[in-house]
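# Summary of structural features
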Amino acid sequence: EMVQGFSEIYKLFHQHGKKESSVSSSNSYRLERLADHMMVKGGLLQLFAIMEGMGMISERRLVEEEKQVLFIKNSIEYIREHYAEKIYIRDLANLCQLNEQYFTRFFGSHVGVSPLEYLNRYRVKKATAMICSSEEKIIDIAKKTGFHNQGNFIKTFKTVMGETPMQYRKREGK
């Protein structure tokens, strides 16, 4: 079927094309009528459809979407594995081989929040679990969850949870 489609396009060029000689190739054909151009384009589209149906052509968009999903997945896994460490946007961007600004927009458009906000929310989630399951000091929990400044931890915690870590601990009964 594919060979037949190619043969039909070849015949169209020979029947309707004007043979020209050029420096770059020994034989070339030029189509002059719009109808002939449309016939060739239609034949090429049909040929591409056959090739795609046979799995010979993968959709570039699908490949790009798979790549984007992988970038997001790798970024989120990195955050979850290294949340207690100092993480820079450039680390995440380098992981995806993107520049920092593009990565930040890319992540935000796919996840719904910026990478920094995702990281902070994840850290707060881990902190809430520690607050509920231990008697550790808030400052120690802050450090274990990647916040190296207690004031920043309290501010971020309150933004995410609507209350301070101490209020949360009291409300949860610890």
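All values reported here derive from a predicted model rather than from experimental measurement.

## Description of the environment of Arg90
Tracing the sequence through the fold places Arg90 in helix α4 (residues 89–95). Sequence separation between Arg90 and Phe103 is 13 residues, and the spatial gap between their C-alpha atoms is 8.8 Å.

## Description of the pattern of salt bridges
The full count for this structure, using the stated rule, is 5 salt bridges. Across the pair Arg171 and Glu163 runs a salt bridge whose closest N-O atoms are separated by 2.7 Å. By relative accessible area, Arg171 is classed as exposed at 51%. The class of Glu163 is buried, set by a relative accessible area of 13%. Salt bridges here are not isolated pairs; linked through shared partners, they connect Glu163, Arg171 and Glu172.

## Digging into the environment of Tyr88
Mapped onto the secondary structure, Tyr88 falls in the loop between α3 (60–82) and α4. Tyr88 gets classed as partly exposed once you look at its relative accessible area, which sits at 36%. Taking C-alpha positions, Tyr88 is 8.6 Å from Leu116, a pair spaced 28 residues apart along the chain.

## Remarks on unusual backbone geometry
Positive phi, close to 60°, is recorded for Gln97, a residue that is not glycine. Secondary-structure assignment places Gln97 in the loop between α4 and α5 (100–111).

## A closer look at the layout of surface pockets
Put simply, the largest pocket is a space of about 210 Å³. Every residue along the wall of the largest pocket is listed here: Lys86, Ile87, Tyr88, Leu116, Asn120, Arg123, Gly146, Phe147, His148, Asn149, Asn152 and Thr156. Those elements that provide at least two residues to the lining of the largest pocket are α6 (115–133) and α8 (150–161). Broken down by element, the residue count for the lining of the largest pocket peaks at 3 residues, all from α6. By residue class, the composition of the lining of the largest pocket is 4 nonpolar, 6 polar and 2 charged.

## Section: α6
Look at α6: 27 Å from first C-alpha to last across 19 residues, which is about the 27 Å you get at 1.5 Å a residue. Here α6 has its buried residues at Pro115, Tyr118, Leu119, Asn120, Tyr122, Arg123, Val124, Ala127, Thr128 and Ile131.

## Here's the deal with the side chain of Thr145
One can find Thr145 in the loop between α7 (138–144) and α8. In this structure the side chain of Thr145 is engaged in a polar contact, spanning 2.9 Å, whose partner is the backbone oxygen of Ile141. Apart from the residues lying within four places of it in its own chain, the contact partners of Thr145 are Tyr83, Ala84, Arg123, Lys126, Ala127, Met130 and Phe153.

## Thoughts on the nonpolar core
Ranked by size, the top nonpolar core spans 17 residues in total, and within it Leu98, Phe103, Phe107 and Tyr118 carry the most contacts. Within the residue set of this core, elements represented by two or more residues are α3, α4, α5 and α6. Per element, the largest residue contribution to this core is 4 residues, and it comes from α3. Setting aside residues no more than four positions away along its own chain, Phe107 makes contact with Ile72, Ser75, Ile76, Gly112, Val113, Ser114, Pro115 and Tyr118. Of all hydrophobic cores here, the second largest spans 10 residues; its members include Val124, Ile131, Phe147 and Phe157.

## Let's talk about the confidence of the model for the protein
Residues with a pLDDT of 70 or more make up 78% of the protein, whose mean pLDDT is 84. Element-level mean pLDDT values for the protein span from 62 in strand β1 (residues 17–20) up to 97 in α7.

## Quick look at a nonpolar patch on the surface
Taken together, Leu44, Leu45 and Phe48 make up a surface patch of nonpolar side chains, about 290 Å² in accessible area. Inspection of the secondary structure puts Leu44 in helix α2 (residues 34–53).

Conventions and cut-offs
- Residues numbered from 1 in each chain as written.
- Predicted model: local features only at pLDDT ≥ 70, side-chain atom pairs only at ≥ 80, totals over all residues.
- Heavy atoms only, no water.
- Helix = DSSP H or I, 4+ residues; strand = E, 2+ residues; numbered from the N terminus.
- Salt bridge = Lys/Arg side-chain N within 4 Å of Asp/Glu carboxyl O.
- Buried < 20%, exposed > 50% of the residue type's maximum accessible area, 1.4 Å probe, protein only.
- 1 Å grid on protein atoms, 1.4 Å probe; cavity = no way out; pocket = protein on both sides within 12 Å on 5 of 7 lines; lining within 4 Å.
- Points joined across faces, edges and corners; volume = space filled by probe spheres on them.
- Nonpolar A, V, L, I, M, F, W, Y, C, P; charged D, E, K, R; others polar.
- Expected span 1.5 Å × (residues − 1).
- Polar contact = N/O pair within 3.5 Å; in protein donor to acceptor, adjacent residues only side chain to side chain.
- Contact = heavy atoms within 4.5 Å.
- Core = buried A, V, L, I, M, F, W, Y, C linked by side-chain atoms within 4.5 Å.
- pLDDT = per-residue confidence, 0-100.
- Patch = residues over 30% accessible without salt bridge, like charges linked within 9 Å, V, L, I, M, F, W, Y side chains within 5 Å.
- Areas by Shrake-Rupley, 256 points an atom, 1.4 Å probe, with all protein chains shown as cover.

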